[in-house]
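The residues making up each chain are set out below.
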Amino acid sequence: MRKIVLVMVIFIGVTACKTNPFTGKKVLNFYPNSQIFPMAFAQYDQFLGENNVVKGTAEAQMITKVGQRISSAAERWLTANGYPGYLQDYKWEYNLVNDKTVNAWCMPGGKIVFYTGILPITQSETGVAVVMGHEVAHALADHGAQRMSAGTIQQIGAVAGNVAIKDPKTRNMFNQAYGVGSTVGLMLPFSRGHETEADRIGLQIMAIAGYNPDEAAELWKRMKANAGGNAPPEFLSTHPSNDTRINNLTNWAPLAREEAKKFGVTTFN
């Protein structure tokens, strides 16, 4: 059994790498689009069927408009940087759901939801573009598949430990320590890295789409005010702290403007 687990780990390490076009780095991902997209699309349709989707209002139309501009900008960037056809399997969809939750999310393959609860914080089309750019970036960078891949590795590590440790008491101690250690030391930093990456990619794409990247830091200042000091410590969170995000976005905004200039965009909404 130990040999089987070892072979699985080696196989994954050798075969499960994919290049992130925005960073040029190899990432852990052994779930192909052909496998993960249909599952995501089905879950998205089920969610829409079970929730109050807002249709035909000015706000709903704005969500679609911004989403189309952001995804179009992403396709322009990918084509210009040697990745034509990268989005051929994506089925972009942007929906507004009547819910007081301050949130938005994106599923693999480009299925995006905004909750009405986030609109008082976005305040404007440009504010929506900040959030939209971030969510689109998650889809572009295959963050969903990467999280699933990391979760599988975490499970393999647990199986390997339980196979190797014969003493029940020692095995229980291992399981407790491994559960906390792999979450705080691996999974949470992994998630925070994705959020930071999505912030940077999203900022760049929103600028190419013609939206002012300076608004990103301002939006997160409003997010921080809305949270009211209730956020957990950064090392125990799936997301970077609000202060970290504000500092990052402030520093990256000039770089996003420079990237937009390459596409002839010099003025912003």
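Residues numbered from 1 in each chain as written. Predicted model: local features only at pLDDT ≥ 70, side-chain atom pairs only at ≥ 80, totals over all residues. Heavy atoms only, no water.

## So, the overall build of the protein
- Assigned secondary structure in the protein consists of nine helices and six strands.
- For the protein, the proportion of contacts with a sequence separation of at least 24, taken over those separated by at least 6, is 72%. (Helix = DSSP H or I, 4+ residues; strand = E, 2+ residues; numbered from the N terminus. Contact = heavy atoms within 4.5 Å.)

## Describing the confidence of the model for the protein
- Averaged over the protein, the pLDDT score is 83; the fraction of residues at 70 or greater is 77%.
- Across the protein, element-level confidence peaks in strand 3 (residues 53-54) with a mean pLDDT of 98 and bottoms out in helix 1 (residues 2-15) with 46.
- Note on residues 1-11: pLDDT is under 50 here. Beyond four places in sequence and across chains, it has 10 contacts. (pLDDT = per-residue confidence, 0-100.)

## Focus: the pairing of strand 6 (residues 111-115)
- Of all five residues making up strand 6, five are buried, and the element is well covered by its neighbours.
- Side chains Lys111, Val113 and Tyr115 of strand 6 all project onto a buried face; the interleaved residues Ile112 and Phe114 project onto the opposite face, where all are buried too.
- Note that strand 4 (residues 93-97) and strand 6 share five bridges and pair parallel. From the neighbouring strand, asparagine 95 faces strand 6, where its bridge partner is valine 113.
- Hairpin connection, strand 5 (residues 104-107) to strand 6: the antiparallel pair is bridged by three residues, and glycine 109 has positive phi, about 90 degrees. (Buried < 20%, exposed > 50% of the residue type's maximum accessible area, 1.4 Å probe, protein only. Pairing = 2+ DSSP bridges.)

## Digging into the sheet that holds strand 4
- With mixed pairing, the four strands of this open sheet are ordered in space as 3-4-6-5. On the outer flanks of this sheet lie strand 3 and strand 5, each paired with one strand and no other.
- This element, helix 3 (residues 58-80), spans strand 3, strand 4 and strand 6 of the sheet and lies at about 150 degrees to strand 4.
- The strands that helix 5 (residues 125-140) touches are strand 4, strand 5 and strand 6; relative to strand 5, the one it contacts most, it runs at about 25 degrees. (Axes fitted to C-alpha atoms, helices over the stretch in contact; angles between N-to-C directions.)

## Thoughts on the pattern of salt bridges
- Overall, the coordinates contain 11 salt bridges when judged by the stated rule.
- Salt-bridge contacts for glutamate 125 lead to arginine 69; the nearest nitrogen and oxygen are separated by 3.6 Å. Residue glutamate 125 is located in helix 5, and its partner arginine 69 is located in helix 3; the two are separated by 56 residues in the primary sequence.
- Aspartate 199 is paired through a salt bridge with arginine 245; the nearest N and O atoms lie 2.9 Å apart. Here aspartate 199, found in helix 7 (residues 168-208), pairs with arginine 245, found in helix 9 (residues 242-261); they are 46 residues apart in sequence, far enough to count as distant.
- Given a relative accessible area of 2%, arginine 245 falls into the buried group.
- Shared partners join several salt bridges into a network, and the residues in it are Lys65, Arg69 and Glu125. (Salt bridge = Lys/Arg side-chain N within 4 Å of Asp/Glu carboxyl O.)

## Topic: the packing of aromatic side chains
- Counting across every chain of the model gives nine aromatic pairs.
- Taking the centre distance of 5.8 Å and the plane angle of 40 degrees together, the rings of phenylalanine 37 and phenylalanine 41 count as tilted. Remark: phenylalanine 41 and phenylalanine 37 occur in helix 2 (residues 33-50); sequence separation between them is four residues, near one turn of the helix. Note on accessibility: phenylalanine 37 and phenylalanine 41 belong to one class, buried. (Phe/Tyr/Trp six-rings, centres within 6.5 Å; stacked < 30°, edge-to-face > 60°.)

## Quick look at the packing of helix 5 against helix 8 (residues 215-227)
- In contact at an axis separation of 9 Å, helix 5 and helix 8 are set at 90 degrees when each is read in the N-to-C sense. Considering the angle they form, helix 5 stands roughly perpendicular to helix 8. Residues Thr126, Gly127, Val130 and Val131 of helix 5 form the contact with helix 8, whose own contacting residues are Glu215, Ala216 and Leu219.
- Residues that form the contact of helix 5 with helix 8 fall into these classes: four nonpolar, two polar and one charged. (Parallel < 35°, antiparallel > 145°, perpendicular 65-115°, else oblique. Nonpolar A, V, L, I, M, F, W, Y, C, P; charged D, E, K, R; others polar.)

## Side note on helix 5
- Helix length check: helix 5, at 16 residues, gives a terminal C-alpha distance of 21 Å against a target of 22 Å (1.5 Å per residue), a fit within 8%.
- Of all 16 residues in helix 5, 15 are buried; the element is thus mostly enclosed.
- Once helix 5 ends, the next one or two residues include aspartate 142, with phi positive near 60 degrees. (Expected span 1.5 Å × (residues − 1).)

## As for the pairing of strand 5
- Here strand 5 shows no split at all, with Ala104 and Cys106 on one side and Trp105 and Met107 on the other all buried.
- As paired elements, strand 5 and strand 6 share four bridges and run antiparallel to each other. Across the sheet, tryptophan 105 pairs through a bridge with valine 113, a residue of strand 6.

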